[in-house]
Amino acid sequence: MRSLPLPLALTARLSPVAVLACMGWALSSGPLAPAKDTGVRDAGRPQAQSSSAPSSTAAPKTYTAAPPPCGSVAVKTVSALVPGAKTAGKEIPSTDTDLRRTCSWNALKGYDYRWLDVSFEIMDSDDAAAGSYRDRTAEKSGGGAVPGLGDEAYSVVNLTTEDRQQTREGVVIVRAANALVVITYNGSDFESKKAPSTDEINKGAIRAAKDAVAALRSGAGAAAGSSAPPAAS
């Protein structure tokens, strides 16, 4: 924007009037004073403001609600991972069932105990889900990526011992667009005091995760018009 000419600058190009200025003429308010060019200045101002206005368009969410968790794992998977459990499972109470739902199965068959949890969490955006995924996987070090499951997936298995009783627990965390699927699977043998092998627990948790991701993508949790690909086999 060009600066407006100041009244004193007129003396350079209106030198004949300089003598009159000594006699008390006020050139700044007289007929020789330049007009203010406010029209040009104001015309350009609205365009500068409109170009910086933020966009209010938000990306649509792939998933708007969590699917029924107790129906997300196939009956044959529950029977294989938690022998003796009621396949209907038990849903854990939630303050907002659209955003977070969890189902649990557990049973003691003989001396073998197994526990399986499946949890769905729906977030506002893919970025929010990705941030939560990074935080959770960072807290559970020692695991590794699970290829072909969701947009990204992570599995970790840990062994704990309490009163000489071992328990081995596997956790699989999956991000699919703006949703997180978290599987917890653990087991103990109360006769031998030993825990199931790492391979058994890890494979069992991943199997349940595949069922749950497939249920998320094909169930009521998918937004209308979603083009989410099918779950990995």
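- The name given to the protein in an unreviewed UniProt entry is DUF3558 domain-containing protein, with Streptomyces galbus as the source organism.

### Looking at the side chain of Ser132
- Tracing the chain through its elements places Ser132 in helix H5 (residues 126-139).
- For Ser132, a relative accessible area of 15% gives the class buried.

### What to know about a nonpolar patch on the surface
- Together, Leu108, Tyr111 and Phe190 line one region of the surface with nonpolar side chains, adding up to about 330 Å² of accessible area.
- Counting through the fold element by element, Tyr111 comes out in the loop between strand E2 (100-109) and strand E3 (112-122).

### Focus on H5
- The terminal C-alpha atoms of H5, which comprises 14 residues, lie 20 Å apart, in line with the 20 Å expected from a rise of 1.5 Å per residue.
- Of the positions making up H5, those classed as buried are Ala129, Ala130, Gly131, Ser132, Tyr133 and Thr137.
- Residues of H5 that are buried sit in contact with strand E5 (152-162), strand E6 (165-176) and strand E7 (179-189).

### Let's talk about the state of the cysteines
- Summed over all chains, the structure comprises 1 disulfide.
- A disulfide bridge connects Cys70 with Cys103, and the sulfur atoms are separated by 2.0 Å. Between Cys70 and Cys103, the S-S torsion sits near 100°, and that sign places the bridge as right-handed. Of this pair, Cys70 sits in the loop between helix H3 (38-51) and helix H4 (75-81) while Cys103 is found in strand E2, placing the two residues 33 residues apart along the sequence. The residues Cys70 and Cys103 share a single accessibility class, namely buried.

### Concerning the confidence of the model for the protein
- Scored by pLDDT, the protein comes out at a mean of 80, with 69% of its residues at no less than 70.
- Across residues 1-33, where pLDDT falls below 50, the model places 16 contacts with residues more than four positions away in sequence or in other chains.
- In the model, residues 220-233 has pLDDT below 50 throughout and makes 25 contacts with residues more than four positions away in sequence or in other chains.

### Overview of the nonpolar core
- Counting 34 residues, the largest nonpolar core has Trp105, Leu116 and Ile183 as its most contacted members.
- Where this core is concerned, the elements lending two or more residues are H4, E2, E3, E6, E7 and helix H6 (198-218).
- Broken down by element, the residue count for this core peaks at 8 residues, all from H6.
- With residues up to four places along the chain from it excluded, the contact list for Leu116 reads Leu81, Val82, Cys103, Ser104, Trp105, Ile183, Thr184, Tyr185 and Ala208.
- If you look at the next biggest cluster of nonpolar residues, it comprises 9 residues, including Met123, Tyr154, Val156 and Leu180.

The rules behind each value
Residues numbered from 1 in each chain as written. Predicted model: local features only at pLDDT ≥ 70, side-chain atom pairs only at ≥ 80, totals over all residues. Heavy atoms only, no water. Helix = DSSP H or I, 4+ residues; strand = E, 2+ residues; numbered from the N terminus. Buried < 20%, exposed > 50% of the residue type's maximum accessible area, 1.4 Å probe, protein only. Patch = residues over 30% accessible without salt bridge, like charges linked within 9 Å, V, L, I, M, F, W, Y side chains within 5 Å. Areas by Shrake-Rupley, 256 points an atom, 1.4 Å probe, with all protein chains shown as cover. Salt bridge = Lys/Arg side-chain N within 4 Å of Asp/Glu carboxyl O. Expected span 1.5 Å × (residues − 1). Contact = heavy atoms within 4.5 Å. Disulfide = S-S within 2.5 Å. pLDDT = per-residue confidence, 0-100. Core = buried A, V, L, I, M, F, W, Y, C linked by side-chain atoms within 4.5 Å.

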